[in-house]
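These are the residues of each chain, in order.
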Amino acid sequence: MKKAFGYKDLETKEPLTTDNLFRIASISKSFSSTAIMQLVEAGKVSLDDDISDLIGFKVRNPKFPNTKITLEMMLSHRSKSQMTANGYFTLDVLDTTKTKRLAKIIQFL
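Procedures and definitions
- Residue positions are given per chain, counting from 1 as you read along its sequence in written order.
- With the structure being a predicted model, the display of local features is reserved for residues of pLDDT at least 70 and the display and counting of side-chain atom pairs for 80 or more, all residues being used for whole-chain, interface and lining totals.
- Derived side-chain values reflect all non-hydrogen atoms in the structure, with water molecules and hydrogen atoms excluded from consideration.
- Only runs of H or I of at least four residues qualify as helices and only runs of E of at least two qualify as strands under DSSP, and these elements are numbered from the N terminus.
- For every residue, the accessible area (1.4 Å probe, protein chains only) is compared with the maximum for its type, and the residue is labelled buried under 20%, exposed over 50%, or partly exposed between those bounds.
- By definition in these notes, contact holds between two residues if any of their heavy atoms fall within 4.5 Å.
- Between Lys or Arg on one side and Asp or Glu on the other, a salt bridge is scored when a side-chain nitrogen of the former is within 4 Å of a carboxyl oxygen of the latter.
- The span expected for a helix works out to 1.5 Å for each residue beyond the first.

1. Some words on the environment of Leu 39
Following the sequence through the fold, Leu 39 ends up in helix H1 (residues 27-41). Looking at Leu 39, the relative accessible area reads 37%, which means it is partly exposed. For Leu 39, the residues in contact, after removing those within four places along its chain, are Lys 44 and Val 45.

Structure below.
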């Protein structure tokens, strides 16, 4: 059973619903990195793996197109990727009409 608690808007006291979206941003880093390190310890992935091979599409820094972005670089924020440059503080990053780069990625999936 799904349930929501709290208010969507504190001023109007509009309640949250299970359909409301939230940007989880940095909160996901701690459990994502823990899960990834468990995979590393189990020998299923390496910190030197190309992130492109792991996610199924090519990810490169446009200034260094021949340099792979490793899992370790992503975990330590050294990849210099701009995955969240558009709409970071809104959900516009998920809107393909506003984020042309995402529309191109989705087109190839």
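Having seen the structure, we can now continue with the description.
2. A closer look at the pattern of salt bridges
Evaluation of the coordinates by the stated rule reveals 1 salt bridge. Arg 60 is paired through a salt bridge with Asp 50; the nearest N and O atoms lie 2.8 Å apart. Here Asp 50 lies in the loop between H1 and helix H2 (51-55) and Arg 60 lies in the loop between H2 and helix H3 (71-75), a separation of 10 residues in the sequence. Residue classification places Asp 50 among the buried positions, given a relative accessible area of 10%.

3. Digging into H1
Over its 15 residues, H1 runs 23 Å from end to end, which matches the ideal 21 Å to within 8%, given 1.5 Å per residue. Once H1 ends, the next one or two residues include Gly 43, with phi positive near 80°.

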